[in-house]
Amino acid sequence: MSRVLVGVKRVIDYAVKIRVKPDHSGVVTDGVKHSMNPFCEIAVEEAVKLKEKKFIKEVVAVSCGPTQVTETIRTALAMGCDRGIHVEVSGKDYEAMGPLQIAKIFAALAKKEEASLVILGKQAIDDDCNQTGQMTAALLDWPQGTFASEVTIDGEKVKVVREIDGGLETIKISMPAVLTADLRLNTPRYATLPNIMKAKKKKIANMKPADLGVDMVSRVEVLRVDEPPTRLAGVKVETVDDLVAKLKANGTI
Amino acid sequence: MGLMIAVVNVSIIDIVYRSQKPCLSWLLGWLSMSQIHTIGIVPLSLSPHLSPSLSLSALGLCGCRSLSSLAELPEMHQMMRQTSRDYADRELAPIAGKLDKEHLFPARQVRELGAMGVMAVEVPEALGGAGMDYLAYSLAVEEISRGCGSTGCVVSVNNSLYIGPILKFGTPEQKDQWITPFTNGEKVGCFALSEPDNGSDAGAASTLARQEGEEWVLNGTKAWISNCWDASATVVFATTDKSLKHKGISAFLVPMPHPGLSLGKKEDKLGIRATSTANLILEDCRIPLGNMLGPRGSGFKIAMQTLDGGRIGIASQALGIAQAALDCAVDYAHKRTAFGAPIGKLQAVQFKLADMAVAVESARLLTWKAAMLKDAKKTFTKEAAMAKLSASEAATFCGHQSIQVLGGMGYVTDMPAERHYRDARITEIYEGTSEIQRLVIAGQLLKEYVP
């Protein structure tokens, strides 16, 4: 039947207070708690659900990064994925890694694994790019169902309800396709203890981007990272007229 | 005997064994060693220079795990801890106040925990459990208790006190009948040892069991039975041969409800109010002969061995409550300002937080060690008692100081500090009072020192 690739990204945990490095080259990641990107959790949950409903046969969890990302892959395995693929990227390549490089890796893997679906989180909470899914679909020339809040497989097609600015849009796309998970797609399950035990025995294959013919050179260079400006105190006004006058006075309108 | 201590980095801690003739006393002085036991920091680089044979023996005593595993848990245990923590943060902490106020048993949460495998951590997968070890169980109970102390109690009683003895002493048929249905959270069990006239004095059980044909008939009253109003079965201890004193006590499995078994009124407790505690009254309660657990007369031994393991469970529960109290205090210290700055800047508050953290962390390491010894099938009676003693005293200490850090806010139900204070108190009492723990520890020590 079919195989699904799910991308999981290891990011700084959502509850951690982010601090900028003193040299402003990035944020502090050493010794900071990391976990699976919440949207990736939702993607994994959807893939596992599709497997439980017997629409697909195998779920493969993929992550790109240094050795630590295997923890994230194992969490995906504990949630029900069948096997994992760890694409090793470290050092400067890892720091410069962005959606385009990841998309190239996923496109290569999707072809290699003959996947029918690639499910990703809509965006990562560290860079908020919201590009990887779309780029992957473009590189593969596959249809895409992004911001999915509902996914139904209907034969060779997928019905996707998308959350868009104007409301909800329902589209029908043919497989193979790329989907990106939005917040309301599902509620990810807790890894059960027996599954955590089973995850230990599941295989995680190791490879390098070069094995997939992907060059990791980035065309984007991060110049500087700063904290957002501290929020200033607001000014209270009594009436709407006062408000309009103030907005005019400081040039906003 | 020699001594093994040295310092390299504070994140690796090992338990070392003391010497009657302290050498390297300068190191010991630095670590303010007690005459009996020293917790030292072991330099992985330095130890080969000291008696290597001792370092190996210390390793052996720690069980099969290596030194570094006390500081860094194995990956599976970390995942397990994380999943329990996530569950506790998202599903238990938000409702813990309500469960406490309204004395509600968290039935849905218990089922969900059952589905996760937390209600039967040590039970082999073949019987429906999670098939993990006692260290994993200790981590799970600690994280669950951090979210809700009462739920932690339910998990602990089911795992250690109910399933524990059956797993160890039951026949395969008994395990199928009395363990498997209790692994998924649909049913929970309880443990009936204490009586109105004897708690600590467990050997003086006055509940009687007499054989009548193909049945045992039980008569008597058990007191302070946790979980009983929500339980579907119980392990009961009754005297089968009064003349043999404590060697005449046997253990029995009784389903609930059952004719001849009735429950007293639910106690109105100071803390862990989401669990039910009541008397269990047996009046000509008839059970098949096959319901005896273990050999006749081994009841006291079963109870004591069960409580050894249960102590690690309760220590873990106390750790969770202590940690929750500490978290609450540290959080408040950041946010509350007084004298122009967050109160966390004041030394008086800092000293309290530091003392609380040390109390919790040292109790935690004792608890992990006891669990690891149990997993390695070594004797762990003394370590379990030490774990329970230190963890429960840490819990009451942290509960108390947390309220102090919060000041007036600590006294009202708007903040969880008062609930932690109330929940912590029972941990010094049940499954062996702090006084009994001291007797157990002293008893073990005196045995070790036969001159």
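Residues numbered from 1 in each chain as written. Chains lettered and ligands numbered in written order. Predicted model: local features only at pLDDT ≥ 70, side-chain atom pairs only at ≥ 80, totals over all residues. Heavy atoms only, no water.

Chain B goes by Short-chain specific acyl-CoA dehydrogenase, mitochondrial in an unreviewed UniProt entry, where it is assigned to Oncorhynchus mykiss. A UniProt comment under Pathway (unreviewed entry) is attached to chain B, and it reads "Lipid metabolism; mitochondrial fatty acid beta-oxidation." Entered under Sequence similarities (unreviewed entry) in the UniProt record, the comment concerning chain B runs "Belongs to the acyl-CoA dehydrogenase family." (UniProt positions renumbered as here; feature names shortened; annotations may be inferred.)

If you look chain A up in an unreviewed UniProt entry, it shows as Electron transfer flavoprotein subunit beta from Oncorhynchus mykiss. On record in UniProt, under Sequence similarities (unreviewed entry), the comment for chain A is "Belongs to the ETF beta-subunit/FixA family."

Trainee: Help me understand the overall build of chain B, please; the structure alone is not making it clear to me.
Mentor: A count of helices and strands for chain B gives 13 helices and twelve strands. In chain B, which comprises 451 residues, the share counted as buried stands at 54%. Nonlocal contacts in chain B, meaning residues at least 24 apart in sequence, comprise 73% of its contacts between residues at least 6 apart. Per element, the accessible surface of chain B, about 19100 Å² overall, is 58% carbon and sulfur. (Helix = DSSP H or I, 4+ residues; strand = E, 2+ residues; numbered from the N terminus. Buried < 20%, exposed > 50% of the residue type's maximum accessible area, 1.4 Å probe, protein only. Contact = heavy atoms within 4.5 Å. Areas by Shrake-Rupley, 256 points an atom, 1.4 Å probe, with all protein chains shown as cover.)

Trainee: Before we go on, may I ask you to explain helix 3 (residues 75–102) of chain B in this structure?
Mentor: Residue pairs spaced three or four apart in an α-helix point in one direction, given the helix's 3.6 residues per turn. All names here are of chain B. Taking 1.5 Å of rise per residue, 28 residues should cover 40 Å, and helix 3 covers 38 Å from first to last C-alpha, within 8% of that figure. Approximately 50° is the largest bend angle found in helix 3, and it occurs at Ala96. Backbone geometry just downstream of helix 3 places His103 in the positive-phi region, at approximately 55°. (Expected span 1.5 Å × (residues − 1). Bend = angle between axes of the 7 residues up to and from the residue.)

Trainee: Would you mind going over the pattern of salt bridges with me for this structure?
Mentor: A side chain with one charge may pair with a side chain of the opposite charge, provided their charged atoms come close. For the structure shown, the criterion picks out 41 salt bridges over all chains. Residue A:Arg74 is joined to B:Glu75 by a salt bridge in which the shortest nitrogen-to-oxygen separation is 3.6 Å. Taken together, the positions of A:Arg74 in helix 2 (residues 69–79) and B:Glu75 in helix 3 put the pair across two chains. B:Glu75 sits in the partly exposed class, given a relative accessible area of 37%. Residues joined in a network through salt bridges with shared partners are B:Arg81, B:Arg85, B:Glu143, B:Arg146 and B:Asp327. (Salt bridge = Lys/Arg side-chain N within 4 Å of Asp/Glu carboxyl O.)

Trainee: Looking at this model, I keep getting lost on the environment of B:Val360. Mind explaining?
Mentor: All names here are of chain B. Here Val360 lies in helix 9 (residues 347–375). When the C-alpha positions of Val360 and Gly320 are compared, they lie 9.1 Å apart, and in sequence the two are 40 residues distant. With residues near it in sequence (within four places) discarded, Val360 still touches Leu319, Ala322, Gln323, Ala394 and Cys398.

Trainee: Where do I start with the UniProt feature "domain: Acyl-CoA dehydrogenase/oxidase N-terminal" (unreviewed entry) in chain B in this structure?
Mentor: In the numbering used here, UniProt assigns the "domain: Acyl-CoA dehydrogenase/oxidase N-terminal" (unreviewed entry) feature to residues 75–186 of chain B. The straight-line gap between the two end C-alpha atoms of residues 75–186 of chain B is 29 Å; of that span, 71% is helix and 0% is strand.

Trainee: Explain the packing of aromatic side chains to me, please; I cannot follow it from the model alone.
Mentor: The geometry of an aromatic ring pair is captured by the separation of the ring centres together with the interplanar angle, meaning the angle of the planes. All names here are of chain B. Following the criterion strictly, the structure yields five aromatic pairs over all chains and no others. Ring centres of Tyr162 and Phe182 lie 4.8 Å apart, and the angle between their planes is 50°; this geometry places the pair in the tilted category. Of the two residues, Tyr162 is situated in helix 6 (residues 149–169) and Phe182 in the loop between helix 7 (172–178) and strand 3 (188–192); the sequence distance between them amounts to 20 residues. Note on accessibility: Tyr162 and Phe182 belong to one class, buried. Residue placement shows Lys374 over the ring face of Tyr134; its charged tip is 4.1 Å from the ring centre. (Phe/Tyr/Trp six-rings, centres within 6.5 Å; stacked < 30°, edge-to-face > 60°. Lys NZ or Arg CZ within 6 Å of the ring centre and 35° of its normal.)

Trainee: How should I be thinking about the environment of B:Leu307 in this particular structure?
Mentor: All names here are of chain B. Position of Leu307 among the secondary structure elements: in helix 8 (residues 299–335). For the pair formed by Leu307 and Gly128, sequence separation is 179 residues and the distance between their alpha carbons is 23 Å. With residues near it in sequence (within four places) discarded, Leu307 still touches Leu161, Phe191, Leu193 and Glu431.

Trainee: Explain the nonpolar core to me, please; I cannot follow it from the model alone.
Mentor: The nonpolar side chains of a soluble globular protein tend to be buried, and buried together. By size, the foremost hydrophobic cluster in this structure holds 134 residues, and its most contacted members are A:Val44, A:Leu117, B:Met132, B:Leu218 and B:Leu280. The greatest single-element share of this core, amounting to 13 residues, is contributed by helix 9 of chain B. B:Met132 has contacts with A:Leu193, A:Met197, B:Met76, B:Met80, B:Val121 and B:Glu122, leaving out every residue within four places of it along the chain. One finds B:Ala120, B:Tyr162, B:Ala251 and B:Leu307 within the second-largest nonpolar core, a separate group that totals 31 residues. (Core = buried A, V, L, I, M, F, W, Y, C linked by side-chain atoms within 4.5 Å.)

Trainee: Where do I start with the UniProt feature "domain: Acyl-CoA dehydrogenase/oxidase C-terminal" (unreviewed entry) in chain B in this structure?
Mentor: If you check UniProt for "domain: Acyl-CoA dehydrogenase/oxidase C-terminal" (unreviewed entry), the listed places come out as residues 297–445 of chain B in our numbering. The annotated region residues 297–445 of chain B carries 79% helix and 3% strand content, and the separation between its end C-alpha atoms amounts to 27 Å.

Trainee: How should the side chain of A:Arg162 be read in this particular structure?
Mentor: Residue and element names in this part refer to chain A. Mapped onto the elements, Arg162 comes out in strand 8 (residues 157–164). Within polar-contact distance, the side chain of Arg162 engages the side chain of Thr146 at 2.9 Å. In contact with Arg162, not counting residues within four places along its chain, are Thr146, Phe147, Gly167, Leu168, Glu169 and Ile171. (Polar contact = N/O pair within 3.5 Å; in protein donor to acceptor, adjacent residues only side chain to side chain.)

Trainee: Looking at this structure, how should I read the pairing of strand 5 (residues 83–88) of chain A?
Mentor: Strand residues, when the strand is regular, have side chains that alternate between the two faces of the sheet. Residue and element names in this part refer to chain A. Where strand 4 (residues 58–65) and strand 5 come together, six bridges link them in parallel fashion. In the sheet register, Val62 faces strand 5, and the bridge partner there is Ile85. Crossover connection from strand 4 via helix 2 to parallel strand 5: handedness right-handed. The pairing of strand 5 with strand 11 (residues 204–207) spans four bridges and is parallel. Opposite Ile85, over in strand 11, you have Ala205 as the bridge partner. (Pairing = 2+ DSSP bridges. Right-handed = clockwise from strand over helix to strand, strands pointing away.)

Trainee: Help me understand the sheet that holds strand 4 of chain A, please; the structure alone is not making it clear to me.
Mentor: Within a sheet, adjacent strands bond to each other through the backbone by hydrogen bonds, running parallel or antiparallel. Residues and elements named next belong to chain A. Strand order across the open sheet formed by nine strands is 9-8-7-10-6-1-4-5-11, with mixed pairing between neighbours. Of all the strands in the sheet, the pair left with one neighbour each is strand 9 (167–174) and strand 11. In this sheet, adjacent strand axes meet at a mean angle of 30° when their direction is disregarded. Pairing of strand 7 (residues 144–154) with strand 10 (residues 177–181), which is carried by three bridges, proceeds in the parallel orientation. Counterpart to Gln144 in the pairing with strand 10 is Val178. Where helix 1 (residues 38–52) meets the sheet, its contacts fall on strand 1 (3–7), strand 4, strand 6 (117–121), strand 7 and strand 10, and the angle it forms with strand 6 comes to roughly 145°. Together, strand 4, strand 5 and strand 11 form the strand contacts of helix 2, whose direction differs from that of strand 5 by roughly 165°. (Axes fitted to C-alpha atoms, helices over the stretch in contact; angles between N-to-C directions.)

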